[in-house]
Amino acid sequence: MIRSLYDWTIRLAEHPRALLALAVVSFVESSFFPIPPDILMIPMILAAPHRAFLIAAVATISSVIGGMFGYWIGAVLFEQVGLPVLEFYGKTDNFEVFSQAYNDWGAWAVLIAGVTPFPYKVVTILSGSTGLNLVVFTVASIIARGLRFFIVAALLWKFGQPIRDFIERRLGLMFTIFMGLLLGGFLLLKAFG
């Protein structure tokens, strides 16, 4: 099933209304769809590099709005909808422990999930179910999703096809390492500052 969704998403990149398709995929990926918008963004940017930053903006805005929908799922429909999504991704075991500390570190959780391979939709639902401040959630989402999509767009715009393999295979790891270092530095400053 995942492979057929992936193939369907790739085919959307060639469609005349690919930008609208990207908006829809970015929106639904932030709350329940398993295929990330990068899969659609990459071929779209390679086909039209002059539109790279427009494509990134559409992905960012749609993703943040979709994240707000995921937040709403967590806040209003957690038992009916949110819990099954978390179960699908195997993220229910430590929910109680996680939710207790979540609001203290919620902005970091949103930032980390927004730029790393960790499913952003899990954090959108958790943010709503734990009652993370909506302004904190929204600002962190704009920063994280914007960072992720605009870096991908800038790399593709600058380097084109040769950077595609790096983005598809290694960029998630680079974002994860960067966020780990950033969070580690913040914790060191807090401990010794």
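About the cut-offs
- In every chain, residue numbers begin from 1 and rise along the written sequence.
- pLDDT decides what is reported in this predicted model: residues at 70 or higher carry local features, side-chain atom pairs at 80 or more are listed and counted, and totals for whole chains, interfaces and linings draw on all residues regardless.
- The side-chain values count all of the structure's non-hydrogen atoms but skip hydrogen atoms and water molecules.
- Secondary structure follows DSSP: runs of H or I at least 4 residues long count as helices, runs of E at least 2 residues long count as strands, and numbering of each begins at the N terminus.
- Each residue is assigned to one of three classes by its accessible area relative to the maximum for its type, calculated with a 1.4 Å probe on protein chains only: buried under 20%, partly exposed between the two thresholds, exposed over 50%.
- What makes two residues a contact is simply this: any of their non-hydrogen atoms within 4.5 Å.
- Note on areas: Shrake-Rupley with a 1.4 Å probe; residue coverage comes only from the protein chains shown.
- Structural elements are reduced to axes, namely lines fitted to C-alpha atoms, with helices fitted over the stretch in contact, and the angle between N-to-C directions of any two is expressed from 0 to 180 degrees.
- In these notes the angle categories are as follows: under 35 degrees is roughly parallel, over 145 is roughly antiparallel, 65 to 115 is roughly perpendicular, and the rest is oblique.
- In this scheme the crossing of two helices becomes right-handed for a clockwise turn of the near helix relative to the far one and left-handed for an anticlockwise turn of less than a right angle.
- When residue character is reported, Ala, Val, Leu, Ile, Met, Phe, Trp, Tyr, Cys and Pro are called nonpolar, Asp, Glu, Lys and Arg charged, and the others, Gly included, polar.
- We call two N or O atoms a polar contact when they sit within 3.5 Å, provided that within protein one can donate a hydrogen and the other can accept it, with sequence-adjacent residues counted only if both atoms are side-chain atoms.
- We define a salt bridge as a contact between a side-chain nitrogen of Lys or Arg and a carboxyl oxygen of Asp or Glu at a distance within 4 Å.

**Student:** I keep staring at the overall build of the protein chain and nothing clicks. Help me out?
**Tutor:** If you tally the helices and strands in the protein chain, you get 9 helices and 0 strands. When its helices and strands are written in sequence order, the protein chain yields α-α-α-α-α-α-α-α-α. The proportion of buried residues among the 193 residues of the protein chain is 45%. Partitioning the contacts of the protein chain with sequence separation of at least 6, the portion at a separation of at least 24 is 78%. About 10,100 Å² of surface is accessible on the protein chain, with carbon and sulfur atoms providing 68% of the total.

**Student:** Please clarify how the packing of helix α4 (residues 52-76) against helix α8 (residues 134-159) should be interpreted in this entry.
**Tutor:** Packed helix pairs are characterised by how far apart their axes lie and by the angle those axes make with each other. Two elements in contact, α4 and α8, have axes whose closest approach is 8 Å; the angle formed by their N-to-C orientations is 150°. With respect to each other, α4 and α8 are oriented roughly antiparallel. Crossing geometry of α4 relative to α8 is assigned as right-handed. Along the contact surface, α4 presents A52, F53, A56, A57, A59, T60, S63, V64, G67, M68 and Y71, while α8 presents L134, F137, T138, S141, I142, R145, G146, F149, F150, A153, A154 and W157. Broken down by class, the residue content of the contact of α4 with α8 amounts to 16 nonpolar, 6 polar and 1 charged.

**Student:** For this particular structure, what's the right way to read the side chain of T138?
**Tutor:** Structurally, the position occupied by T138 is in helix α8. Overall, T138 belongs to the buried group, its relative accessible area being 14%. Side-chain polar atoms of T138 contact the backbone oxygen of L134, separated by 2.8 Å. With residues up to four places along the chain from it excluded, the contact list for T138 reads V64 and M68.

**Student:** For this particular structure, what's the right way to read the pattern of salt bridges?
**Tutor:** Close approach of charged atoms allows side chains with opposite charge to pair. Inspection of every chain in the model, using the stated rule, returns 3 salt bridges. K121 is paired through a salt bridge with E29; the nearest N and O atoms lie 3.3 Å apart. Residue K121 is found in helix α7 (residues 120-130), and its partner E29 is found in helix α2 (residues 18-29); the two are separated by 92 residues along the sequence. A single burial state applies to K121 and to E29, both of which are buried. Overlapping salt bridges bring together E29, K121 and R145 as one network.

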